[in-house]
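The primary structure of each chain is shown beneath.
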Amino acid sequence: MVYQFQPYGIQAMLKEGHRHLSGLDEAVLKNIDACKQLSTITRTSLGPNGMNKMVINHLDKLFITNDAATIVNELEVQHPAAKILVLAGKAQQEEIGDGANLTISFAGELLQNAEELIRTGLHPSEIISGYTKAIDKTVEVLNELVEKGSETMNVRNKDEVVSRIKAAVASKQFGQEDVLSPLIADACIQVCPKNPVNFNVDNVRVAKLVGGGLHNSTVVRGMVLKNDAVGTIKRIEKAKVAVFSGGVDTSATETKGTVLIRSAEQLENYAKTEEAKVEELIKSVADSGAKVIVSGAAVGDMALHFCERYKLMVLKISSKFELRRFCRTTGAVALLKLSTPNADELGYADSVSVEEIGGTRVTIVKNEEGGNFVSTVVLRGSTESILDDLERAVDDGVNTYKAMCRDSRIVPGAAATEIELARRIKEFSFKETGLDQYAIAKFAESFEMVPKTLAENGGLNAMEIISSLYAEHAAGNVRVGIDLEEGACRDIEARNIWDLYVTKFFALKFAADAACTVLRVDQIIMAKQAGGPKRDAPAAMDED
């Protein structure tokens, strides 16, 4: 005879198959461990000498990058606590577009130090209280470290822009920042609106063409389409442009009908009327002054024949996103079907030409006149993965430009800010009397992660570097940071390494919030997973 024990406690309350973890060892420390593992992955990619990660996602696509946002996006992190760090990184990426690595690595370091405090007997709520006081003090100190006079800047001054975006670009492409930064600055300044706060990141496009090297990269004021013109006309200057999103072809009639043809003569007349109708439409477009026709769908053979006759250049853009950008570049209005455009529906381009770059035929639409249109950075490189990484560096630069249009304040880079924050927060912890002073001291210690990681990734002795940085900062040289090229501590003003205040502010704030959120969890209750077949992932989106 088998005795059946009745479940009791939480087992009796929840459905069979659930999982329940509680207490310090099972929930808190396991959560911290998962977050530590994630931050260990991203940490070695921090800074200019950061190592690349080779990530192969669920679709078998290969990524070789040191961009933390791309890495964590493609990893498909499953652990709920580690996901909180991923979300903090994503929030930073959406808010500023740079500094996701600092957010995740710093949050991981805070949690690692919290684990040490928990093991010594502190309660998580005391640690959270200390961390909250410390982040408030950090924001206060960070405001004091802002470089005097950086509050105002001319966002159209190339030298000022380059000095601010250089650090962001160098963290992705160390050694190439002197080539990339001026290109990005040119592209951003070209499309900067009258009110810089309204700067739109989408107006700076990137065209990646395999072949050549980075020194062959250029900036085009306009668009670069990765396809050839449809007809034989390949170049037109100072042209009016008509855009038809429904395609350039004979349209089917709205009602169905049957035509009874009794003789060859009738058949010939029928064909001629169709031809005449298409010719009439194309002629009306040509008479409106348009020299370029852009189609969003198929271009019919007969329509193409008449376009050639009336010396019209024909382009085909199948992506609706690209078509919208084309309309924005030229100022055209996309018409639904082939009809005579009005004068205000036509766009204008200085030149539309087909060129061959590295074996790829591309159509370049230039618009030199006027500002707020679209500019394109044409990147050249030997492999697809190098081009992808260059594109991420350009994205970081453009996002930094957008952030500086809103707030141009800068703080010293190269870990100078972090060491100064560590020193000042440590001093602040001595003035506190409660148990949370230990948490504040650990928060200060966490800042050492940045110089330590930068030094380790650069192959330097981390302990030596950190102690000499502390010595310099204690002597009042708050601008001394790590010079990775010489492997020593230098005044960063001479090296011109500055970080944006907003990038640091949000990265540290999001990291502290994420760490406190993870520490607040003391129980994990997982319901039994639903049965049945797994739902398919949504279809892949257009790459734009």
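Residues numbered from 1 in each chain as written. Predicted model: local features only at pLDDT ≥ 70, side-chain atom pairs only at ≥ 80, totals over all residues. Heavy atoms only, no water.

Visitor: Would you explain the overall build of the protein chain in this entry?
Guide: The helix and strand tally for the protein chain stands at 18 helices and 18 strands. In terms of its C-alpha atoms, the protein chain occupies a principal-axis envelope of roughly 100 × 85 × 40 Å. Relative to its 544 residues, the protein chain shows a buried fraction of 50%. Here the contacts in the protein chain between residues at least 6 apart in sequence split such that 76% fall between residues at least 24 apart. If you sum the accessible surface of the protein chain, you get close to 27200 Å²; carbon and sulfur atoms cover 51% of it. Between the mean site of the 63 positive side-chain charges and the mean site of the 76 negative ones, the protein chain shows a separation of 3 Å. (Helix = DSSP H or I, 4+ residues; strand = E, 2+ residues; numbered from the N terminus. Buried < 20%, exposed > 50% of the residue type's maximum accessible area, 1.4 Å probe, protein only. Contact = heavy atoms within 4.5 Å. Areas by Shrake-Rupley, 256 points an atom, 1.4 Å probe, with all protein chains shown as cover. Lys, Arg positive; Asp, Glu negative; His and termini not counted. Charge placed at Lys NZ, Arg CZ, Asp CG, Glu CD.)

Visitor: Honestly, the sheet that holds strand β13 (residues 375–381) in this entry has me stumped. Any pointers?
Guide: Picture the strands of a sheet paired through backbone hydrogen bonds; they go either parallel or antiparallel. Here we have three strands laid out as an open sheet, ordered β4-β13-β5, and mixed in their pairing. Looking along the sheet, the strands with just one partner apiece sit at the ends: β4 (204–210) and β5 (218–220). When strand polarity is set aside, the average angle formed by the axes of neighbouring strands in this sheet is 25 degrees. One ladder, built from seven bridges, connects β4 with β13; its direction is parallel. Across the sheet, valine 206 pairs through a bridge with valine 377, a residue of β13. With respect to the sheet, helix α8 (residues 177–190) is in contact with β4, β5 and β13, its orientation differing from that of β5 by roughly 5 degrees. Seen against the sheet, helix α12 (residues 384–406) touches β4 and β13 and runs at an angle of roughly 165 degrees to β4. (Pairing = 2+ DSSP bridges. Axes fitted to C-alpha atoms, helices over the stretch in contact; angles between N-to-C directions.)

Visitor: Quick question: what am I supposed to make of the pairing of strand β12 (residues 360–366) here?
Guide: Remember that side chains alternate between the two faces of the sheet whenever the strand is regular. Across four bridges, strand β6 (residues 222–225) lies against β12 in antiparallel orientation. Residue pairing for β12: valine 224 is matched across the bridge by isoleucine 364. Pairing geometry for strand β11 (residues 347–357) and β12, over seven bridges, is antiparallel. The partner of glutamate 355 across the bridge, within β12, is valine 362.

Visitor: Looking at this structure, I do not really get the state of the cysteines. What am I missing?
Guide: The bond known as a disulfide is covalent and runs between the sulfur atoms of two cysteines. Scanning the entire structure with this criterion turns up zero disulfides. Here cysteine 188 is not disulfide-linked; the sulfur of cysteine 405 is the nearest cysteine sulfur, at 7.9 Å. With a relative accessible area of 1%, cysteine 188 lands in the buried category. (Disulfide = S-S within 2.5 Å.)

Visitor: Would you mind showing me how to read the packing of aromatic side chains here?
Guide: Centre distance and the angle of the planes are the two values used to describe a pair of aromatic rings. Taken as a whole and judged by the stated rule, the model has eight aromatic pairs. Centroid distance phenylalanine 443 to phenylalanine 447: 5.6 Å. Interplanar angle 75 degrees. Geometry classified as edge-to-face. Comparing phenylalanine 443 with phenylalanine 447, the two get one shared label, buried. Taken together, the ring pairs in this structure connect Phe106, Tyr131, Phe443 and Phe447 into an aromatic cluster. Looking at lysine 61, its charged tip hangs above the ring of phenylalanine 63, at a distance of 4.9 Å from the centre. The ring of tyrosine 501 has arginine 409 lying over it, and the distance from NZ or CZ to the ring centre is 4.2 Å. (Phe/Tyr/Trp six-rings, centres within 6.5 Å; stacked < 30°, edge-to-face > 60°. Lys NZ or Arg CZ within 6 Å of the ring centre and 35° of its normal.)

Visitor: So what exactly am I meant to see when it comes to the pattern of salt bridges here?
Guide: Side-chain pairs of opposite charge can arise whenever the charged atoms involved come near each other. Enumeration according to the criterion identifies 28 salt bridges in this entry. A salt bridge links glutamate 391 to lysine 208, with the shortest nitrogen-to-oxygen separation between them at 2.9 Å. With glutamate 391 in helix α12 and lysine 208 in strand β4, this pair connects stretches of sequence that are 183 residues apart. Aspartate 287 is the partner of lysine 283 in a salt bridge, and the nearest nitrogen-oxygen pair spans 3.3 Å. Of this pair, lysine 283 and aspartate 287 both sit in helix α9 (residues 264–287), four residues apart, which is roughly one turn of that helix. The exposure class of lysine 283 is partly exposed, given its relative accessible area of 38%. What makes aspartate 287 exposed here is its relative accessible area of 56%. Through salt bridges with shared partners, a single network forms among Glu144, Glu420, Arg423, Arg424 and Glu427. (Salt bridge = Lys/Arg side-chain N within 4 Å of Asp/Glu carboxyl O.)

Visitor: Before we go on, may I ask you to explain the pairing of strand β16 (residues 488–491) in this structure?
Guide: Inspection of the sheet shows strand β15 (residues 480–483) paired to β16 by four bridges, in the antiparallel sense. The residue of β16 that forms the bridge with isoleucine 482 is cysteine 489. The turn joining β15 and β16, which pair antiparallel and follow one another in sequence, is formed by four residues; a positive phi near 70 degrees is taken by glycine 487.

Visitor: How should the layout of surface pockets be read in this particular structure?
Guide: To find the voids left in a structure, one rolls a probe of water-molecule size over its atoms. Space inside the second largest pocket adds up to approximately 890 Å³. Surrounding the second largest pocket, 45 residues form its lining, Pro48, Ala167, Ser171, Ile497 and Asp499 being those nearest its centre. Looking at the lining of the second largest pocket, the element that brings in the most residues is helix α7 (residues 158–170), giving five residues. Split into classes, the residues belonging to the lining of the second largest pocket amount to 19 nonpolar, 12 polar and 14 charged. (1 Å grid on protein atoms, 1.4 Å probe; cavity = no way out; pocket = protein on both sides within 12 Å on 5 of 7 lines; lining within 4 Å. Points joined across faces, edges and corners; volume = space filled by probe spheres on them. Nonpolar A, V, L, I, M, F, W, Y, C, P; charged D, E, K, R; others polar.)

Visitor: I keep staring at the packing of helix α5 (residues 100–119) against helix α6 (residues 124–144) and nothing clicks. Help me out?
Guide: Relative placement of two packed helices is described by the angle separating their axes and the distance separating the axes. Between α5 and α6, whose axes approach to 10 Å, the crossing angle comes to 135 degrees. Looking at the two axes, α5 sits oblique to α6. Relative to α6, α5 is oriented so that their crossing is right-handed. Along the contact surface, α5 presents Leu110, Asn113, Ala114, Leu117 and Ile118, while α6 presents Pro124, Ile127 and Tyr131. Among the residues forming the contact of α5 with α6, the class breakdown is seven nonpolar, one polar and no charged. (Parallel < 35°, antiparallel > 145°, perpendicular 65-115°, else oblique. Left-handed = near helix turned anticlockwise from the far one by under 90°.)

Visitor: Quick question: what am I supposed to make of the side chain of aspartate 67 here?
Guide: Here aspartate 67 shows up in the loop between β3 (62–65) and α3 (68–75). Apart from residues no more than four positions distant in its own chain, aspartate 67 is found in contact with Lys172 and Arg392.

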